[in-house]
Number of protein chains: 2
Amino acid sequence: MSKKTTIYDIAKKLNITAATVSRALNGNPKISESTRQLVNETAKEMNYEQNKLAQALKSGKSYNVGVIVPRIDSNFFALVIRGIEEVLYAKGYHVIICQTHDQKKLEIQNINSLLNAQVDGVLMSISNSGSEENENFDRLLKKNVPLIFFDRKKDIDGISAVTIDDFKAGYEAAQHLINQGCKRIAHLSNNRKIQIFNNRYLGYKQAILDNGLEFDESLVIETASKVEEGSKATKILLDMEMPPDAIFSSSDFAALGAIQEIKSRGIRIPQDICIVGFANEPFTRFMELPVTSVDQSPLEMGRISAQVFLDEVDKGKKKIPNKQVVLNPELIIRKSSLKSEA
Amino acid sequence: MSKKTTIYDIAKKLNITAATVSRALNGNPKISESTRQLVNETAKEMNYEQNKLAQALKSGKSYNVGVIVPRIDSNFFALVIRGIEEVLYAKGYHVIICQTHDQKKLEIQNINSLLNAQVDGVLMSISNSGSEENENFDRLLKKNVPLIFFDRKKDIDGISAVTIDDFKAGYEAAQHLINQGCKRIAHLSNNRKIQIFNNRYLGYKQAILDNGLEFDESLVIETASKVEEGSKATKILLDMEMPPDAIFSSSDFAALGAIQEIKSRGIRIPQDICIVGFANEPFTRFMELPVTSVDQSPLEMGRISAQVFLDEVDKGKKKIPNKQVVLNPELIIRKSSLKSEA
DNA sequence: TAAATAACTGTAATCGATTACATAAATATA
DNA sequence: TATATTTATGTAATCGATTACAGTTATTTA
């Protein structure tokens, strides 16, 4: 109701200046213990709360950080965000979450919006659909707003990134399928202009070649990370003259679509076709037929991304070499690919 | 790099005052057309961008709005948020999303955090675990920060709310099961101190009574909205002397747990037991056995909540009667409850 | 032509917190 | 005792945008 109390109100009441009050509240060592106590008590009495907007104006820091992800209703991104929040909240930051829904237009809009909100930094996983252009990222960098990529990254000078070793993840997934006796392993990829998807693909390919199997490019299909798209792609695969005996999908959602399509044709999993997904979404564990998937330690990814941001903020203008953190993926083996036990 | 340009820079360049620049940029009618143009052009040339922090300090508005939900990795909340964003972004607001994970402690922390960020309003779905106390909400109200509940609400004077008609939803779900010939319908409820859960329960109960069936309180179990909890509760139900022939769950996640438990015992769905969930999460559609569920038009709920907030902000201090918007639920019937066709 | 009005623009205070610099009082040093 | 050094606080500018009020022309009216 009544106006908020400011340091001026406190100052007037104690017959001192706002400067002294400010210093006392901020623990400036030049303030005598007696007045410090007095000020603190009075502040409490008067329900003083610092006006963050004023402080922000003065310091040029908003203590807001933007996080941009393709979508928030995936467990993976939700957990990354949780990790980010955990670290940043503790440092007094607020997190503004934006979704791109994999549309470049929205990505640009989001960046504008965050810039507008004068965020102190941006942590993001880039959108799928996208030109080769980096102007948006450049705009952030030019303004000295730290930008950190996680998961879906691009190699841009001056931008740190936190990912898992996607090549290794792809390699291990394929190797696992090969170990199960699969010979024709298909791959539901995603936009391979995005590094992580390309790396998963490359790892998968390498494993096939390393094992002396034939690599068939026609078994690789790019799809969006959606159930329907997974089904669609699987239709194509199953209709081939020599259909695959395994599918490694770089998305759990697409894998789910694949499973639906396969089951609808009465083909057995894992006996006839083995399935491996990616991201370890909870439903992979909860399904009647639990799905093998790759865990990306999203919580950890979020925490580390936040830490990288904090480091960059601290270092201020000093240009530091962009940090590239690579986490270890973990293949979680479940029934959908356990031919040996079926 | 170089400092940001301010209205003072523009003023200096044009040999006028910052006041004039400010007025020109804001379309003040007292400014001559010529200078207005000149200012606008120069602003563009110099890459001028308004400092929102300064404006926020002056106006007392941060143009930040807080949204508090139990979790973001559920399709329901993700869509509500999307609806909110849609409306608020268009009005120049930013949205700060917070999760409570159904912990009162985090809820309080979130509110503090948002208050700290000087948000212009808070839209929230209250957390489950909770005392009867409303002090946190009162704190917002005392500061004249509009608070709007959606979905999980409480009746508090001065707080508007947007929900679906949960009583009707519960009633229709139960009626549907009765129509399928079910006689002993169990209910996986949730904390019934939360209105929406109590209303679903009451609707369910009323339908049973209206149809002359016996109402058995022991068939009602409170569980959290989690897969594991759903399984656990279902174990109890199936171990009863007279197990139910249908389960109406007020959560899709708990329903999923129920289905797992039921299937693991070799009991058939829907022949032996029918299942109805709640929230129309995507997986209900994608499962091998698609699950009947209640749609709550989350997008619409978000949009309307945002609109209610905008209305309250506009009206300013004038106390307006708290608005209570009630949306219509829609029962989406799928195989899990279609005994008649099985 | 003098007075009144309109049309612009400038002056300066304001939002609330921070901080370099100045100053006063208290204490230490020679 | 006179000077140097601390210690504690006050003064005033600053961050950038907004706006009530005042002031200056230019235009209109009597």
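Source: prediction; values computed, not measured.

Scoring rules and cut-offs
- Residues numbered from 1 in each chain as written.
- Chains lettered and ligands numbered in written order.
- Predicted model: local features only at pLDDT ≥ 70, side-chain atom pairs only at ≥ 80, totals over all residues.
- Heavy atoms only, no water.
- Pairing = 2+ DSSP bridges.
- Helix = DSSP H or I, 4+ residues; strand = E, 2+ residues; numbered from the N terminus.
- Axes fitted to C-alpha atoms, helices over the stretch in contact; angles between N-to-C directions.
- Contact = heavy atoms within 4.5 Å.
- Least-squares fit on C-alpha atoms with pLDDT ≥ 70 in both.
- UniProt positions renumbered as here; feature names shortened; annotations may be inferred.
- Near = heavy atom within 4 Å.
- Polar contact = N/O pair within 3.5 Å; in protein donor to acceptor, adjacent residues only side chain to side chain.
- Nonpolar A, V, L, I, M, F, W, Y, C, P; charged D, E, K, R; others polar.
- Buried < 20%, exposed > 50% of the residue type's maximum accessible area, 1.4 Å probe, protein only.
- Right-handed = clockwise from strand over helix to strand, strands pointing away.
- Buried area = accessible area lost by both parts, 1.4 Å probe.
- Salt bridge = Lys/Arg side-chain N within 4 Å of Asp/Glu carboxyl O.

Undergrad: Help me out: how do you make sense of the sheet that holds strand β6 (residues 185-189) of chain A in this one?
TA: To summarise the sheet geometry, strands pair through backbone hydrogen bonds and adopt either a parallel or an antiparallel arrangement. Residue and element names in this part refer to chain A. Taken in spatial order, the four strands line up as β7-β6-β8-β9 in an open sheet, and their pairing is parallel. Either end of the sheet is taken by a strand with one partner, and the two such strands are β7 (220-222) and β9 (274-276). Neighbour-to-neighbour, the strand axes of this sheet turn through a mean angle of 15°, independent of strand direction. Docked against the sheet, helix α9 (residues 195-210) engages β6, β7 and β8 (246-249), running at close to 170° with respect to β6. Helix α11 (residues 252-264) rests against β6, β8 and β9 of the sheet, and its axis sits at about 155° to β8.

Undergrad: What am I meant to see in the relation of the copies chain A and chain B here?
TA: Here the two chain copies are tied together by a rotation about an axis and a shift along that axis. Between chain A and chain B, which share one sequence, the superposing operator has a rotation angle of 180° and an axial displacement of 0.0 Å; the RMSD is 0.1 Å. Here the transformation between the copies is reduced to the relation of a two-fold axis. A shared interface surface links the copies, since 100% of the contact residues of chain A are contact residues in chain B too.

Undergrad: Quick question: what am I supposed to make of the sheet that holds strand β8 (residues 246-249) of chain B here?
TA: Residues and elements named next belong to chain B. Spatially, four strands are ordered β7-β6-β8-β9 in an open sheet, and the strand pairing comes out parallel. Here the strands that pair on one side only, and so sit at the sheet edges, are β7 (220-222) and β9 (274-276). Neighbour to neighbour, the strand axes of the sheet diverge by 15° on average, direction disregarded. With three bridges connecting them, β8 and β9 associate as parallel partners. Considered in β9, the bridge of Ile247 is made with Ile275. Along the sheet, helix α11 (residues 252-264) makes contact with β6 (185-189), β8 and β9, crossing β8 at roughly 155°.

Undergrad: It is not clear to me how the UniProt feature "domain: HTH lacI-type" (unreviewed entry) in chain A should be interpreted in this structure. Could you clarify?
TA: The sites that carry the UniProt feature "domain: HTH lacI-type" (unreviewed entry) are, in the present numbering, residues 5-59 of chain A. Structurally, residues 5-59 of chain A comprises 67% helix and 0% strand, and the distance from its first C-alpha atom to its last is 21 Å.

Undergrad: Hey, could you run me through the protein's contact with DNA strand C in this one?
TA: As a structural note, the neighbourhood of DNA strand C is formed by 25 residues, with Ile7 and Tyr48 of chain A together with Thr20, Arg23 and Lys58 of chain B the closest of them. Thr20 of chain B is positioned such that a nitrogen or oxygen atom in its side chain is 2.6 Å from a phosphate oxygen of DNA strand C. A distance of 3.3 Å separates a base oxygen of DNA strand C from a polar side-chain atom of Lys58 of chain B. Contributing elements (two or more residues each) for the surface near DNA strand C: α1 (7-14), α2 (18-25) and α4 (52-59) of chain A together with α2 (18-25) and α4 (52-59) of chain B. Of the residues belonging to the surface near DNA strand C, the class tally is nine nonpolar, 11 polar and five charged.

Undergrad: Hey, could you run me through the protein's contact with DNA strand D in this one?
TA: Close to DNA strand D lie 25 residues, the nearest being Thr17, Thr20 and Lys58 of chain A together with Ile7 and Tyr48 of chain B. The sugar-phosphate portion of DNA strand D accounts for 59% of its atoms within 4 Å of the protein, the bases making up the rest. For the surface near DNA strand D, the secondary structure elements donating two or more residues are α2 and α4 of chain A together with α1 (7-14), α2 and α4 of chain B. In terms of residue class, the surface near DNA strand D is made up of nine nonpolar, 11 polar and five charged.

Undergrad: What is the right way to look at the pairing of β8 of chain B in this model?
TA: Each regular strand displays side chains that alternate between the two surfaces of the sheet. All names here are of chain B. Both faces of β8 are covered, namely the face carrying Ala246 and Phe248 and the face carrying Ile247 and Ser249. Looking at chain direction, β6 and β8 are connected through four bridges and run parallel. The residue of β8 that forms the bridge with His187 is Phe248. Considered for its hand, the β-α-β crossover made up of β8, α11 and β9 is right-handed.

Undergrad: Can you help me understand the interface of chain A and chain B in this one?
TA: By convention, interface size is frequently given as the accessible area that disappears when the constituent parts associate. With 48 residues of chain A in contact, the opposing surface of chain B contributes 48 residues. Summed over both partners, the interface of chain A with chain B comes to about 4100 Å²; 52% of that surface belongs to carbon and sulfur atoms. When the buried area of chain A at its contact with chain B is split by residue, Leu53, Phe286 and Glu288 of chain A rank highest and sum to 17% of it. The interface formed by chain A and chain B contains six salt bridges. Among the ionic pairs, Glu49 of chain A bridges to Lys143 of chain B, the shortest N-O distance being 2.8 Å. Between the two partners, chain A and chain B, sit 16 residue pairs in polar contact (both at pLDDT 80 or more). Looking at the side of chain A that touches chain B, the elements with two or more residues in it are α4, α5 (75-89), β2 (94-99), α6 (104-116), α7 (135-142), α10 (227-238), α11 and α12 (282-286) of chain A.

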